[in-house]
Amino acid sequence: AKVVESQARVHFVDLAGSERIKKTAYSGPTQIARVKEGININQSLTTLGRVISSLTTKSMTLPPFRDSKLTMMLKDALMGNSRTKFLACV
C-alpha cells in the first residue's frame, strides 16, 4: 500500500486598523499611531498584490516576498505545491 503524507498550515491574519482616518474619533498620539498602522497595513496589502501578480505571470523575476512581514509569513503558502484560500471580511 502506498503511503501519502500531507501537511497543513493555517494562517490567520487580522488587518484591522485600515479604516479611513477622517472617520476615526481618535486625536493626538493615538491618531498618529493609527495612521502609521494603517500605512503599514496598506503597504503589506500592496506588496501581497505584487507578489500574487508576480507569481501568476511567466516572468523570471523573483516575487518581492521580503518587502513586508505579511508576505514573508505567507511565503510557504504562496510558493511551490500548495493550495491557498483567502477569506476577506469587509
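Our subject in this report is the structure included herewith. (Residues numbered from 1 in each chain as written. Predicted model: local features only at pLDDT ≥ 70, side-chain atom pairs only at ≥ 80, totals over all residues. Heavy atoms only, no water.)

This paragraph deals with the pattern of salt bridges. Per the counting criterion, the structure on display carries two salt bridges. Residue Arg9 is joined to Asp76 by a salt bridge in which the shortest nitrogen-to-oxygen separation is 2.7 Å. Taken together, the residues Arg9 in the segment before helix H1 (29-56) and Asp76 in helix H3 (residues 75-78) connect sequence positions 67 residues apart. Judged by relative accessible area, which is 53%, Arg9 ranks as exposed. Salt-bridge contacts for Arg50 lead to Asp67; the nearest nitrogen and oxygen are separated by 2.6 Å. Taken as a pair, Arg50 in helix H1 and Asp67 in the loop between H1 and helix H2 (69-73) lie far apart in primary sequence, 17 residues in all. Given a relative accessible area of 40%, Arg50 falls into the partly exposed group. (Salt bridge = Lys/Arg side-chain N within 4 Å of Asp/Glu carboxyl O. Helix = DSSP H or I, 4+ residues; strand = E, 2+ residues; numbered from the N terminus. Buried < 20%, exposed > 50% of the residue type's maximum accessible area, 1.4 Å probe, protein only.)

On to H1, then. Compared with the 40 Å implied by 1.5 Å per residue over 28 residues, the 41 Å span of H1 between its first and last C-alpha is a close match. On its buried side, H1 packs onto H2 and H3. (Expected span 1.5 Å × (residues − 1). Contact = heavy atoms within 4.5 Å.)

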